[in-house]
Amino acid sequence: MILYEKLNKETSKEYAYRVLKDNIMSLELKPGDLLSETELSKVLNLSRTPIREVIMKLKSEYLIEVKPQSGTYVAKIDWNLIDEAIFMRYFLEKEVLKEACINFNENNLIDMEKCLFAQQLIADKENNELEFHHLDNEFHRLLFEGVNKKNIWEAIGKISTHYNRMRLLNEISQDKNKIISEHTKYLTTIKNKDINSVDNIVLEHIKKSADSCKKKIQYEEGGLFFK
């Protein structure tokens, strides 16, 4: 398991949540792995109380499965949850981008440009999948926030944990410059208020990309991490 430095003002619970979730998302903790509160407490140098609370939070995000009289496991990646997340993300993001073409917060547009620049800086670095993934999600979070829909983005995030794990599996070999190119189109569409281009842009970036990723993962992984 990869450990991080504790951030300034980060509580023990927040630290444990960040470390465990990142390790699950990046597959350092693999689907089906058994988790021990005692071992996690030792590794993270924390009492079992915050560990237990974090496990329950991750359970609510479908990342951990607690089996009575058996143990606590990293959840296998669920194709049904992936399909639901793609459906939700695709249809909601189309409407959000259309709204952004009509009225968008200028500060959020600037922040999206900065986020895109950060993606460009790390795109060709090795072993950067998780960092790039966080920047990718931040770009879209700023989009939703820019039209006062941040709670909708949080709802999408909660159901998208399995979808995001699939994406991370794919991003190990994926050309990140393609994602950057599609993000650039998002920004150009907002700036030009080109609402007629939205459907095709989101179809390509979300739906087609997800369908391609599913086929590739199903072929390469052979269902090892999935249910």
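Scroll up for the structure.
These figures come from a predicted structure and were not determined experimentally.

1. Some words on the packing of aromatic side chains
Phase 1: According to the stated counting rule, one finds 4 aromatic pairs in the structure shown.
Phase 2: Centroid distance Phe87 to Phe91: 4.8 Å. Interplanar angle 55°. Geometry classified as tilted. One end of the pair is Phe87 and the other is Phe91, both in helix α4 (residues 79-102) and 4 residues apart, which spans about a single turn.
Phase 3: Aromatic side chains Phe139 and Tyr186 sit 6.3 Å apart centroid to centroid with 65° between the ring planes, which places their arrangement in the edge-to-face category. Of the two residues, Phe139 is situated in helix α6 (residues 129-145) and Tyr186 in helix α9 (residues 176-191); the sequence distance between them amounts to 47 residues.
Phase 4: Take Phe139: its relative accessible area is 0%, and that puts it in the buried class.
Phase 5: With a relative accessible area of 0%, Tyr186 lands in the buried category.
Phase 6: Site record: aromatic cluster; members linked through ring pairs are Phe87, Tyr90 and Phe91.
Phase 7: Above the face of the Tyr17 ring, Lys57 is positioned so that its terminal group lies 4.0 Å from the ring centre.
Phase 8: Over the ring of Tyr163 we find Arg167, and its NZ or CZ is 5.4 Å from the ring centre.

2. Here's the deal with the pattern of salt bridges
Phase 1: Considering all chains together, one arrives at 20 salt bridges under this definition.
Phase 2: Residue Glu61 is joined to Lys21 by a salt bridge in which the shortest nitrogen-to-oxygen separation is 3.2 Å. Of this pair, Glu61 sits in the loop between α3 (48-60) and β2 (64-67) while Lys21 sits in helix α1 (residues 12-25), and the two are 40 residues apart along the sequence.
Phase 3: Taking the relative accessible area as the measure of exposure, Glu61 reaches 10% and is therefore buried.
Phase 4: Across the pair Arg141 and Glu138 runs a salt bridge, and its minimum N-O distance is 2.8 Å. Of this pair, Arg141 and Glu138 are both found in helix α6, 3 residues apart, which corresponds to roughly one turn of the helix.
Phase 5: Its relative accessible area of 27% is what places Arg141 among the partly exposed residues.
Phase 6: We classify Glu138 as partly exposed; its relative accessible area is 29%.

3. What to know about helix α5 (residues 106-122)
Phase 1: Here α5 spans 25 Å end to end across 17 residues, near enough to the 24 Å set by a 1.5 Å rise per residue.
Phase 2: Every buried residue of α5 is listed here: Asn108, Leu109, Met112, Cys115, Leu116, Gln119 and Ile122. Looking straight down α5, one finds that the buried residues subtend no more than 145° of arc, so they occupy a single side. Pointing more than 90 degrees away from the buried face of α5 are the exposed residues Glu106, Asn107, Lys114 and Leu121.

4. A look at the packing of α4 against α9
Phase 1: The interhelical angle for the contact between α4 and α9, taken along N-to-C directions, is 45°, at an axis separation of 7 Å. One element, α4, and the other, α9, form an angle in the oblique class. Viewed along their axes, α4 and α9 form a crossing whose handedness is right-handed. In this structure, α4 contributes Glu93, Leu97, Ala100 and Cys101 to the contact, and α9 contributes Tyr186, Thr189 and Ile190.
Phase 2: Of the residues assigned to the contact of α4 with α9, the class counts are 5 nonpolar, 1 polar and 1 charged.

5. Here we look at helix α7 (residues 150-159)
Phase 1: Of the residues making up α7, those classed as buried are Trp153, Ile156 and Ile159. Around the axis of α7, the buried residues are gathered within 125° of arc, so they sit on the same side. With respect to the buried face of α7, the exposed residues turned more than 90 degrees away are Asn151 and Glu154.

6. Observations concerning a nonpolar patch on the surface
Phase 1: Where nonpolar side chains cluster on the molecular surface, the patch consists of Met1, Leu3 and Val43 and spans about 240 Å² of accessible area.
Phase 2: Tracing the sequence through the fold places Val43 in helix α2 (residues 37-44).
Phase 3: Among the residues examined, Val43 registers a relative accessible area of 40% and is labelled partly exposed.

7. A word on the environment of Ala100
Phase 1: Tracing the backbone shows Ala100 in helix α4.
Phase 2: Overall, the relative accessible area of 1% leaves Ala100 in the buried class.
Phase 3: Here the alpha-carbon distance between Ala100 and Trp79, two residues 21 residues apart in the chain, equals 31 Å.
Phase 4: Each residue touching Ala100, except ones within four places of it in the same chain, is listed here: Leu143, Val147 and Ile190.

Reading the values: rules and limits
- Residues numbered from 1 in each chain as written.
- Predicted model: local features only at pLDDT ≥ 70, side-chain atom pairs only at ≥ 80, totals over all residues.
- Heavy atoms only, no water.
- Phe/Tyr/Trp six-rings, centres within 6.5 Å; stacked < 30°, edge-to-face > 60°.
- Helix = DSSP H or I, 4+ residues; strand = E, 2+ residues; numbered from the N terminus.
- Buried < 20%, exposed > 50% of the residue type's maximum accessible area, 1.4 Å probe, protein only.
- Lys NZ or Arg CZ within 6 Å of the ring centre and 35° of its normal.
- Salt bridge = Lys/Arg side-chain N within 4 Å of Asp/Glu carboxyl O.
- Expected span 1.5 Å × (residues − 1).
- Arc of directions from axis to C-beta.
- Axes fitted to C-alpha atoms, helices over the stretch in contact; angles between N-to-C directions.
- Parallel < 35°, antiparallel > 145°, perpendicular 65-115°, else oblique.
- Left-handed = near helix turned anticlockwise from the far one by under 90°.
- Contact = heavy atoms within 4.5 Å.
- Nonpolar A, V, L, I, M, F, W, Y, C, P; charged D, E, K, R; others polar.
- Patch = residues over 30% accessible without salt bridge, like charges linked within 9 Å, V, L, I, M, F, W, Y side chains within 5 Å.
- Areas by Shrake-Rupley, 256 points an atom, 1.4 Å probe, with all protein chains shown as cover.

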